[in-house]
Amino acid sequence: MKEERVEDRLLQVLRAVAPGTPLREGLENILRAKTGGLIVIGDSPEVLEISEGGFAVNAEFSPANLYELAKMDGAIILSADAKRILAANTQLIPNLSIPSSETGIRHRTAERVAKQTGALVISISQRRSVITVYKGNLKYVLRDVGVILAKANQALQTLEKYRSVLDRVVTELSILELDEAVTLFDVTRTIQRVEMVLRVVKEIEKYICELGVEGRLITMQLEELVTGVEHEGLLAIRDYATPGDKPPTSILAMINSWPAEDLLDLSLIARALGFPGSTSILDQAVYPRGYRILDKIPRLPLPVIENLVKEFGSLKRILEASIEELDAVEGIGEVRARSIKEGLARYREQLIQERHT
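Residues numbered from 1 in each chain as written. Predicted model: local features only at pLDDT ≥ 70, side-chain atom pairs only at ≥ 80, totals over all residues. Heavy atoms only, no water.

**What to know about the domain arrangement of the protein chain**
Looking at the protein chain, the domain boundaries give domain 1 (1–142), domain 2 (144–288) and domain 3 (289–356). Summarising the inter-unit geometry, the C-alpha centres of domain 2 and domain 3 are found 25 Å apart. Between domain 2 and domain 3, the residue contacts involve 21 residues of the former and 18 residues of the latter. Buried surface at the junction of domain 2 and domain 3, both sides included, amounts to about 1800 Å², of which 50% is carbon and sulfur. Taken together, the links from domain 2 to domain 3 amount to five salt bridges. Our count for the domain 2 to domain 3 interface comes out at 16 residue pairs in polar contact (both at pLDDT 80 or more). Elements with a minimum of two residues in the side of domain 2 that touches domain 3: α6 (145–178) and α9 (229–240). Residues belonging to the side of domain 2 that touches domain 3 are distributed by class as follows: 11 nonpolar, four polar and six charged. (Domains from an automatic or database assignment. Contact = heavy atoms within 4.5 Å. Buried area = accessible area lost by both parts, 1.4 Å probe. Salt bridge = Lys/Arg side-chain N within 4 Å of Asp/Glu carboxyl O. Polar contact = N/O pair within 3.5 Å; in protein donor to acceptor, adjacent residues only side chain to side chain. Helix = DSSP H or I, 4+ residues; strand = E, 2+ residues; numbered from the N terminus. Nonpolar A, V, L, I, M, F, W, Y, C, P; charged D, E, K, R; others polar.)

Okay, here's the thing in structure tokens:
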């Protein structure tokens, strides 16, 4: 969970300084002028306590104003929402006992201020022409938009391949479910592939935050590629997890927190689902409750799916049920009962076609 909070904090920081924001425009102006700069966002008591000298500005933020004030040596303090410039030419005196890995005075001060106050601090190197952001223990060097775009496009290509493999694995699982031939290996492999896709998505989301307005096309491509992936994983977990207190979202979140090497171990995923964690358990036959397959039927609401699973207990019994038996379930009339039978038959035909293509 700690790792997740660091990731969330980084995304928040990247959004604040993304291309297209007035703040980023001001930072780029300073960078091009090679004057350097030190900017603190937030005037909390912790920040004011370590601030000395300078003068109050209390003016509306604009990129031009930021650029002009950066020509002076001291730090610039902005409001927490970065909409006002509060002070300029301010000297920051953080606790010198706070460790810093930086060598330059400006960057060392920025790192210590961020650690001491928790504020977002931005240091612009006069010599190296680099923008570095600090928040708490987080440090991130902003990269050129062209470099990020290249990395984002490369990640999208990886995502396309991962999504293609996931679709194939999901189709195989569906065929096995309808044939009553599923093993725990098939289930854990599907969940593993869902998580692999979601991890690439998280990486691309970081690029999108850093790209700002330049990332709109990447965002559109990402949305198209990941539609329904997490939902598929959650339904698979609902189908196979042993009864317990953990909801599917918690199980998926737990798997998401694992390091990459743990994700490769399918027996660990089996354990997360509530099964014994030995490798041999992966050969065990398992039977779906029916959530995921029923979700493939158009216009079948989740409450109705839940009623069906509650009434019949397994996909096998739902498939074997007559129209009259389906009709008897709460929320299902004769028309819907027929559409369920027809929808399941159509989905089976679709899977057979996909198998042969």
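**Quick word on the UniProt feature "domain: DAC" (unreviewed entry) in the protein chain**
The positions UniProt marks with the feature "domain: DAC" (unreviewed entry) are residues 7–145. Secondary structure within residues 7–145 divides into 35% helix and 29% strand; the distance between the first and last C-alpha atoms comes to 20 Å. (UniProt positions renumbered as here; feature names shortened; annotations may be inferred.)

**Description of the nonpolar core**
Counting residues in hydrophobic clusters, the biggest one holds 45 residues, and the most contacted among them are Leu159, Val187, Ile191, Ile204, Ile255 and Leu273. When residues of this core are traced back to their parent elements, those giving at least two are α6, α7 (184–211), α8 (216–226), α9, α10 (248–256) and α12 (266–272). Element by element, the count of residues in this core is highest for α7, at 13 residues. In contact with Leu159, not counting residues within four places along its chain, are Val197, Val200, Val201, Ile204, Leu222, Leu225 and Val226. Grouped together as the second largest cluster of nonpolar side chains are 29 residues, Leu23, Ala82, Ala88 and Ile124 included. (Core = buried A, V, L, I, M, F, W, Y, C linked by side-chain atoms within 4.5 Å. Buried < 20%, exposed > 50% of the residue type's maximum accessible area, 1.4 Å probe, protein only.)

**A look at the UniProt feature "binding site: ATP" (unreviewed entry) in the protein chain**
Here the UniProt feature "binding site: ATP" (unreviewed entry) sits at Gly74, Leu92, Ile105, Arg106, His107, Arg108 and Thr109. Annotated residues spanning 36 residues; largest pairwise C-alpha distance 14.1 Å, indicating a single compact cluster. Within the secondary structure, Leu92 is located in strand β5 (residues 84–92). Excluding anything up to four places from it in sequence, Leu92 contacts Leu38, Val40, Ile50, Ser51, Ala75, Thr109 and Val113. Considering the arrangement of structural elements, one finds His107 in helix α5 (residues 105–117). With a relative accessible area of 6%, His107 lands in the buried category.

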